[in-house]
Amino acid sequence: MENLNEKIVKFLNESHQTISFMESCTGGFLANLITNVSGASNILKVSLVTYSNEYKEYFGVSQKTIDEYTVYSNEVSKEMAKECSEIANSDFGVGITGMLG
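As the structure is a computational prediction, the values presented were derived from the model and not from experiment. (Residues numbered from 1 in each chain as written. Predicted model: local features only at pLDDT ≥ 70, side-chain atom pairs only at ≥ 80, totals over all residues. Heavy atoms only, no water.)

Draft legend 1. Structural context of the nonpolar core. Core analysis: the biggest nonpolar cluster contains 10 residues, these being Val9, Leu12, Ile19, Phe21, Ala31, Ile34, Val37, Ala40, Ile43 and Leu44. For this core, the secondary-structure elements that each account for two or more residues are α1 (4-14), β1 (19-23) and α2 (29-35). Among residues more than four places away in sequence, those in contact with Leu44 are Ile19, Ser20, Phe21 and Thr35. Membership of the second largest hydrophobic core comes to 8 residues, among which are Leu48, Val71, Val76 and Cys84. (Core = buried A, V, L, I, M, F, W, Y, C linked by side-chain atoms within 4.5 Å. Buried < 20%, exposed > 50% of the residue type's maximum accessible area, 1.4 Å probe, protein only. Helix = DSSP H or I, 4+ residues; strand = E, 2+ residues; numbered from the N terminus. Contact = heavy atoms within 4.5 Å.)

Structure (structure tokens):
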């Protein structure tokens, strides 16, 4: 039985689409799950680990959004997804931030 990351890689390969990640609290874990699947090199365009606010901002996340909603917010996560997708010109962008522990 295929797990979720295998299904994602298969779907994106079959539909000729690509994905990019900007991760914070997960430290690249999501990209690692994808790159452990055969065929990932066809679909993964960029993976950024932006643990600091400085680099979230460097890659396009608004300081205003961080200040208004906090770095752990859904609003920041959405900007992370949008910005990494634009940077890589990928079909999908995934942004993840939060407080673990």
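Draft legend 2. Local environment of unusual backbone geometry. Phi is positive for His16, close to 55°, though the residue is something other than glycine. A residue is classified by how much of its surface remains accessible, and His16, at 72% relative accessible area, is exposed. The phi dihedral of Asn89 falls on the positive side, at around 55°, and the residue is not glycine. With respect to the secondary-structure elements, Asn89 resides in the loop between α5 (74-88) and β3 (92-96).

Draft legend 3. Region of the structure containing the pattern of salt bridges. Summed over the entire model, instances satisfying the criterion amount to 3 salt bridges. Taking the shortest distance from any N to any O, the salt bridge between Glu2 and Lys10 comes out at 4.0 Å. Residue classification places Glu2 among the partly exposed residues on the basis of a relative accessible area of 34%. You can call Lys10 partly exposed: its relative accessible area is 40%. A salt bridge links Glu86 to Lys82; its shortest N-O distance comes to 3.4 Å. Placement of both Glu86 and Lys82 in helix α5 is noted, with a separation of 4 residues, approximately one turn of the helix. Here the salt bridges do not stand alone but share partners, grouping Lys82, Glu83 and Glu86 into one network. (Salt bridge = Lys/Arg side-chain N within 4 Å of Asp/Glu carboxyl O.)

Draft legend 4. Structural context of the side chain of Ser85. Counting through the fold element by element, Ser85 comes out in helix α5. Residue classification places Ser85 among the buried positions, given a relative accessible area of 14%. The contacts of Ser85, once residues within four sequence positions are left out, are Ser20, Ser90, Asp91, Phe92 and Gly93.

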